[in-house]
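As a plain string of letters, each chain reads:
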Amino acid sequence: MKPRPWWTKEKKSLTSACLAHAIHDGYTDALYVFLPVWQAQFGLSYAALAILRALYSGTMGGLQIPADRALRGLSPRAALILSTVVAAAGLLIMAAPFGFAGLCVGLVVAGIGSSIQHPCGSMLVTASYGPAARHPLGVYNFSGDLGKAALPALVAVLLPTLGWQPVLGLLAVLGIVLSVGLVPLAPAAPIVRTAKTGVTSGRGRGGFGILTTIGALDTATRMGYLLFLPFLIHGQGGDTATVGIALALLFIGGAFGKATCSRLGDRMGVVGSVMVTEAATALLIVATLFTPLTPTLVLLPLLGVVLNGTSSVLYGTVPELSDGDTGRAFAVFYTSVIGSGGVAPILYGAIADHSSQTVGVLASAATAALIVPLVLTLRPHLSGEGTGPDRMPRGIGQSRQ
């Protein structure tokens, strides 16, 4: 009997999903580096900047469910390539000399492209690994943070030399190159989906609603703080390159948090781990308001661990609490968290415009603190506090590869 090859179809599928996730999440968070430049060039307020960014994140979040439904007949290869090419086209529109109108249109087009990637990538991983998908989903989640760490740092290095439009063009080229690399990796046959998940009757629906609410508030905290972080660093004496370093430190910590917080979930359970990470998030956000530049940079990786790490615990609980269609559950969950990520910074920005930047940052910290009592209501809906592979639903079909 021949030994099974190391480079399996499952690993190819996971690699393709991870590459797409990394580039799209990198695109999403690289936009933060451009915010001070766009504010200066177009004379925008904090709320206007949040609205501008919401053109991307709101489109991406609002189209999760329609994209999942419309593209179910496509193979993962076709869907992931389409997603990446459309997002890159949006960046090219933003880079073209069309002024503020072109910037807005490009953000919407890029958001349309990225709306396809999340439900397709997560469902591809879930379908490829079946009951053993818990850890691969964590790897997929972690890959997004690699993009979040790499692309904002790259933008910060190139921005002072090339200007924002050429940098956007280079990011678009990177996406097109990656889409070519997906051809030999992603499966060319559509995923077989089933409706059975093995969720205890009567538990999944209510618990899933609470889970999505917690996910939305967790994302609101993260996106609200990220809106103010570039300006916080500038206020402490940092330049554009320092902003890129700060974002990279935060996202590197976030990537590490995806691994550590999932293990924390194994030891403390979903409820206990979320309470710890959200309380720590609130305290560390407040701390960065009162520290000079260097101590702030030291705190950012630790803040990143808890700020981003909670999502790994929440994301891994989606299949357990989904009620029938795991692919749709992922789409609904992403709609909630990404929609929150688009709307919440507008609210925080309006708060800052009518008070101060400090009050806006404190509002994001208060949102994290609100999650601590809310997550206690999730406990009755969990079949247990373990998060091992045995918690994965067993009715998910394998991809026809």
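Residues numbered from 1 in each chain as written. Predicted model: local features only at pLDDT ≥ 70, side-chain atom pairs only at ≥ 80, totals over all residues. Heavy atoms only, no water.

**Student:** Report on the nonpolar core, specifying residues and quantitative values.
**Tutor:** Counting residues in hydrophobic clusters, the biggest one holds 107 residues, and the most contacted among them are Tyr 27, Phe 34, Trp 38, Tyr 225 and Leu 303. At 14 residues, helix H8 (residues 204–235) tops the list of elements feeding residues into this core. Ignoring any residue separated from it by four or fewer positions in sequence, one finds Tyr 27 in contact with Tyr 56, Ala 87, Ala 88, Leu 91, Leu 151, Leu 171, Ala 172, Leu 174 and Gly 175. (Core = buried A, V, L, I, M, F, W, Y, C linked by side-chain atoms within 4.5 Å. Buried < 20%, exposed > 50% of the residue type's maximum accessible area, 1.4 Å probe, protein only. Helix = DSSP H or I, 4+ residues; strand = E, 2+ residues; numbered from the N terminus. Contact = heavy atoms within 4.5 Å.)

**Student:** An account of empty space enclosed by the protein is needed here, citing residue identities and associated values.
**Tutor:** Any empty space left between atoms is shown by rolling a water-sized probe over those atoms. The tally for this structure, following the rule as stated, stands at 3 cavities of 30 Å³ or more. The space that makes up the largest cavity amounts to roughly 380 Å³. Forming the walls of the largest cavity are 26 residues, and the residues nearest its centre are Lys 148, Arg 222, Tyr 334, Val 337 and Ile 338. Looking at which element gives the most residues to the lining of the largest cavity, the answer is helix H11 (residues 326–354), with 6 residues. (1 Å grid on protein atoms, 1.4 Å probe; cavity = no way out; pocket = protein on both sides within 12 Å on 5 of 7 lines; lining within 4 Å. Points joined across faces, edges and corners; volume = space filled by probe spheres on them.)

**Student:** Can you explain the environment of Thr 335? Please cite residues and give values.
**Tutor:** With respect to the element layout, Thr 335 can be found in helix H11. Separated by 270 residues in the primary sequence, Thr 335 and Ile 65 have C-alpha atoms spaced 7.1 Å apart. If we ignore the near neighbours within four places in the chain, the residues touching Thr 335 are Gly 61, Gln 64 and Ile 65.

**Student:** Which residues make up the confidence of the model for the protein chain, and what values do they have?
**Tutor:** Residues with a pLDDT of 70 or more make up 86% of the protein chain, whose mean pLDDT is 82. Confidence, read as mean pLDDT per element, is least for helix H3 (residues 64–70) in the protein chain (79) and greatest for helix H7 (residues 164–181) (93). Of the regions scoring below 50 in pLDDT, residues 195–205 engages in 24 contacts with residues more than four places distant in sequence or in other chains. This model gives residues 385–401 a pLDDT under 50, and the stretch forms 60 contacts once residues within four places in sequence are excluded. (pLDDT = per-residue confidence, 0-100.)

**Student:** Tell me what's going on with helix H2 (residues 46–62), and back it up with residues and numbers.
**Tutor:** The end-to-end C-alpha distance of H2 is 22 Å, a good match for the 24 Å that 17 residues give at a rise of 1.5 Å each. Largest kink in H2: about 40°, centred on Ala 54. Burial analysis of H2 places 12 of its 17 residues in the buried class, which makes it a mostly covered element. Along H2, the positions that sit buried rather than exposed are Tyr 46, Ala 47, Leu 49, Ala 50, Leu 52, Arg 53, Ala 54, Tyr 56, Ser 57, Thr 59, Met 60 and Gly 61. Its side-chain oxygen at 3.1 Å from the backbone nitrogen of Ala 48, Ser 45 defines the N-terminal cap of H2. (Expected span 1.5 Å × (residues − 1). Bend = angle between axes of the 7 residues up to and from the residue. Polar contact = N/O pair within 3.5 Å; in protein donor to acceptor, adjacent residues only side chain to side chain.)

**Student:** Describe the pattern of salt bridges, listing the residues and the values that go with them.
**Tutor:** If charged atoms from side chains of opposite charge come close, those side chains can pair. Enumeration according to the criterion identifies 2 salt bridges in this entry. A salt bridge links Asp 25 to Lys 148, with the nearest nitrogen and oxygen atoms 3.9 Å apart. Pair noted here: Asp 25 is in helix H1 (residues 9–42) and Lys 148 is in helix H6 (residues 134–162), with a separation of 123 residues, a long-range link. In terms of burial, Asp 25 and Lys 148 fall into one category: buried. With its nearest N and O atoms 3.1 Å apart, the salt bridge here joins Asp 218 to Arg 222. Placement of both Asp 218 and Arg 222 in helix H8 is noted, with a separation of 4 residues, approximately one turn of the helix. Arg 222 shares its class with Asp 218; the two are buried. (Salt bridge = Lys/Arg side-chain N within 4 Å of Asp/Glu carboxyl O.)

**Student:** Outline helix H5 (residues 99–129), supporting the account with residue identities and numerical values.
**Tutor:** Over its 31 residues, H5 extends 46 Å from the first C-alpha to the last, a length consistent with the 45 Å expected when each residue adds 1.5 Å. Most of H5 is tucked away, with 23 of its 31 residues classed as buried. One or two positions beyond H5, positive phi appears at Gly 130, with a value near 60°.

**Student:** Quick rundown of the packing of H1 against H7? Include the residues and the values.
**Tutor:** For the pair H1 and H7, the least separation of the axes is 11 Å and the interaxial angle reads 170°. The orientation of H1 with respect to H7, classified from their angle, is roughly antiparallel. Along its contact with H1, which presents Leu 19, Ala 20, Ile 23, Tyr 27, Ala 30, Phe 34, Val 37, Trp 38, Gln 41 and Phe 42, the element H7 presents Trp 164, Val 167, Leu 168, Leu 171, Ala 172, Leu 174, Gly 175 and Leu 178. Looking at the contact of H1 with H7 residue by residue, the classes come out as 16 nonpolar, 2 polar and no charged. (Axes fitted to C-alpha atoms, helices over the stretch in contact; angles between N-to-C directions. Parallel < 35°, antiparallel > 145°, perpendicular 65-115°, else oblique. Nonpolar A, V, L, I, M, F, W, Y, C, P; charged D, E, K, R; others polar.)

**Student:** Go over the packing of aromatic side chains, please, and point to the residues and values.
**Tutor:** Applying the stated criterion across every chain yields a total of 4 aromatic pairs. For the pair Phe 34 and Trp 38, a centre-to-centre distance of 5.4 Å together with 15° between the ring planes defines the contact as stacked. You can see Phe 34 and its partner Trp 38 sitting in helix H1, 4 residues apart, about one turn around the helix. On the accessibility criterion, Phe 34 (0% relative accessible area) is buried. Classification of Trp 38 as buried rests on a relative accessible area of 1%. With centroids separated by 5.9 Å and ring planes inclined at 85°, the aromatic side chains of Trp 38 and Trp 164 adopt a geometry described as edge-to-face. (Phe/Tyr/Trp six-rings, centres within 6.5 Å; stacked < 30°, edge-to-face > 60°.)

**Student:** Would you mind going over the environment of Ala 366 in detail, with residue names and values included?
**Tutor:** Structurally, the position occupied by Ala 366 is in helix H12 (residues 357–374). Residues Ala 366 and Thr 221 lie 145 residues apart in sequence; the distance between their C-alpha atoms is 8.3 Å.

**Student:** How would you explain the side chain of Thr 310 if you had to name every residue and give the values?
**Tutor:** Following the sequence through the fold, Thr 310 ends up in helix H10 (residues 293–321). Setting aside chain neighbours within four positions, we find Thr 310 in contact with Asp 218, Cys 261, Val 274, Thr 277 and Glu 278.

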